[in-house]
Amino acid sequence: MSKREFSLSMRDVTKDYDGTRVLDVPELDVKQGEFLSLLGPSGSGKTTSLRLVAGFEAPSAGQIVIDGQDVAQVRAEKRNIGLVFQNYALFPHMTVAENIAFPLQMRSQSPSDIERRVAEALDLVDLAPYRDRNAAQLSGGQQQRVAIARAIVYEPALLLMDEPLGALDRRLRSRLQNELRALHRKLGITIVYVTHDQDEAMSLSDRVAIMNHGKIVQLGRPDALYDSPASLFVSNFLGDNNTLSARIAGADRAELAEGTVIPIPRVRTAVGAAADLTIRPERVRLAAESTGETTKPRFEGVVVDVVSLGAATQYCVQVDGVGALWASVQNSAHAFRGAVGDRVEVGWELDDVHVFPRNTDMLADSSALEDTAKLATADA
Ligand SMILES: Nc1ncnc2c1ncn2[C@@H]1O[C@H](COP(=O)(O)OP(=O)(O)OP(=O)(O)O)[C@@H](O)[C@H]1O
Ligand SMILES: [Mg+2]
């Protein structure tokens with residue numbers, strides 16, 4: 001299967017149902033060959049976005065441009081888009097091969113072309129031995145692979161997937177994630193993928209668009225979103241956080257609810273403003289004895305809970321003057337090990353603290369969000 005030129009853009013796209021705005025995307029450009037995920041809570045507009053691109057619904061306003069052409073007048077079946085949804089929707093009375101051949105027959109391909117392409121698609125999803133099985137006699141994961149084969153068999157330039165692995169158990173999901181990643185590499189196809197599973201979005205995507213209330217609140221590479229979230233919402237949506245309630249006490253200090261003043265990365269927020277400070281659990285360092293370090297934030301505390309997860313151990317530490325913090329420690333040979341009741345030193349790097357002035361999640365336009373991002377990550 002061949003790689004091909006492709007572009008998809010949304011411009012000032014909105015969708016209203018009964019006067020309620022459920023989607024508002026001023027600008028989105030999907031790049032050729034990229035794997036873009038839409039990640040957000042239930043009702044945030046992910047499926048609606050896909051339905052507009054697929055052509056199942058028309059936007060209330062704005063343009064959807066595919067390969068330079070406004071597709072408003074292009075019917076869904078003419079858009080050359082592959083679709084995979086959560087409920088596989090195979091034809092249960094047809095064999096695997098017949099299911100995969102179906103879109104090719106709809107496109108009046110020759111029998112020899114159909115034969116060749118079905119064989120190729122079966123190989124790609126590793127289902128060649130199952131070609132003559134009835135679709136109804138397959139496991140959930142196998143059915144989902146047939147659905148993927150059926151969506152890619154006619155070589156669409158764009159594949160839209162809406163929670164395609166949502167109904168599968170964790171182990172199967174992670175296997176199919178690996179297969180999807182490999183398939184994407186092999187085909188060079190552009191994929192827009194909907195999920196509300198943050199690990200899935202992080203592991204599969206070139207870029208992730210975080211959605212909330214019908215808007216894209218941040219768009220970027222998974223590691224950039226994780227390390228430099230523009231808002232508390234994004235930070236909490238991607239991974240775990242220790243969140244401390246504070247007031248800005250100066251350009252580089254904040255006063256915690258317990259009265260302790262701690263150093264923070266430099267901000268331009270007014271003194272006295274309420275803010276949330278976050279520190280990722282894997283950034284919280286624990287040491288059994290004082291390290292003598294004085295330049296970094298250091299505190300003392302007592303271990304109050306230990307959760308062993310095999311590869312890592314999570315410690316909850318009641319930190320003097322700060323409150324309860326979770327630390328996640330990878331279990332390497334020389335890793336910190338402690339037990340409930342141990343007194344420990346707790347520290348982190350200044351840059352591991354993110355500062356989110358309160359109410360920034362309400363900010364609507366992206367310039368305001370960018371300002372927040374700069375504030376949150378501003379260096380001294
Ligand atoms: N046909 C419709 N008529 C009225 N409201 C709708 C319709 N389709 C979707 N909505 C509303 O639009 C909003 C966005 O729905 P959408 O299906 O895009 O959410 P989602 O992000 O896919 O959520 P989920 O994770 O639950 O699938 C929701 O509030 C939903 O109720
Ligand atoms: Mg949905």
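Below is a summary of the structure that appears in this document.

Cut-off values and rules
Residues numbered from 1 in each chain as written. Chains lettered and ligands numbered in written order. Predicted model: local features only at pLDDT ≥ 70, side-chain atom pairs only at ≥ 80, totals over all residues. Heavy atoms only, no water. Helix = DSSP H or I, 4+ residues; strand = E, 2+ residues; numbered from the N terminus. Buried < 20%, exposed > 50% of the residue type's maximum accessible area, 1.4 Å probe, protein only. Contact = heavy atoms within 4.5 Å. Near = heavy atom within 4 Å. Polar contact = N/O pair within 3.5 Å; in protein donor to acceptor, adjacent residues only side chain to side chain. Areas by Shrake-Rupley, 256 points an atom, 1.4 Å probe, with all protein chains shown as cover. Nonpolar A, V, L, I, M, F, W, Y, C, P; charged D, E, K, R; others polar. Pairing = 2+ DSSP bridges. Axes fitted to C-alpha atoms, helices over the stretch in contact; angles between N-to-C directions.

Another point: the overall build of the protein chain. Counting its regular elements, the protein chain contains nine helices and 20 strands. Its C-alpha atoms put the protein chain at 75 × 50 × 35 Å along the principal axes. Looking at the 380 residues of the protein chain, the share that counts as buried comes to 48%. Considering only contacts in the protein chain between residues 6 or more positions apart, those separated by 24 or more positions represent 66%.

Our focus in this paragraph is the environment of Leu-225. Take Leu-225: it is sitting in helix 7 (residues 222-227). Sequence-wise, Leu-225 and Ala-209 are 16 residues apart; in three dimensions their C-alpha atoms are separated by 9.4 Å. When residues no more than four places from it in sequence are discounted, the contact partners of Leu-225 are Val-208, Ile-210, Gln-218, Leu-219, Gly-220, Val-234 and Leu-238.

This paragraph deals with the environment of Arg-117. When you line up the elements, Arg-117 lands in helix 3 (residues 111-124). Judged by relative accessible area, Arg-117 falls into the buried class, the value being 16%. Through-space distance from the C-alpha of Arg-117 to that of Ile-100 is 9.0 Å; in sequence the pair is 17 residues apart. Residues in contact with Arg-117, not counting those within four places in the same chain, are Leu-104, Gln-109, Val-153, Tyr-154 and Glu-155.

Right, let's talk about the site of ligand 1 for a bit. In the vicinity of ligand 1, the contacting residues are Tyr-17, Val-22, Pro-41, Ser-42, Gly-43, Ser-44, Gly-45, Lys-46, Thr-47, Thr-48, Glu-163 and His-196. Interatomic distance of 3.2 Å between a backbone N/O atom of Ser-44 and an oxygen atom of ligand 1. Contacts to ligand 1 include Thr-47, whose side-chain N or O atom sits 2.8 Å from an oxygen atom. Look at ligand 1: alone it shows 640 Å² of surface, and the protein chains cover 58% of it. It is helix 1 (residues 46-54) that provides the largest number of residues to the shell around ligand 1, a total of three residues. Classifying every residue of the shell around ligand 1 gives three nonpolar, seven polar and two charged.

One open sheet holds the five strands; their spatial order is 13-12-11-14-20, and the pairing between them is antiparallel. Two strands in the sheet have a free side with no partner beyond their single neighbour: strand 13 (261-263) and strand 20 (354-357). The mean angle between the axes of side-by-side strands here comes to 40°, regardless of whether they run parallel or antiparallel. With four bridges joining them, strand 11 (residues 242-250) and strand 12 (residues 253-256) adopt antiparallel strand pairing. Bridging from a neighbouring strand, Gly-250 pairs with Arg-253 of strand 12.

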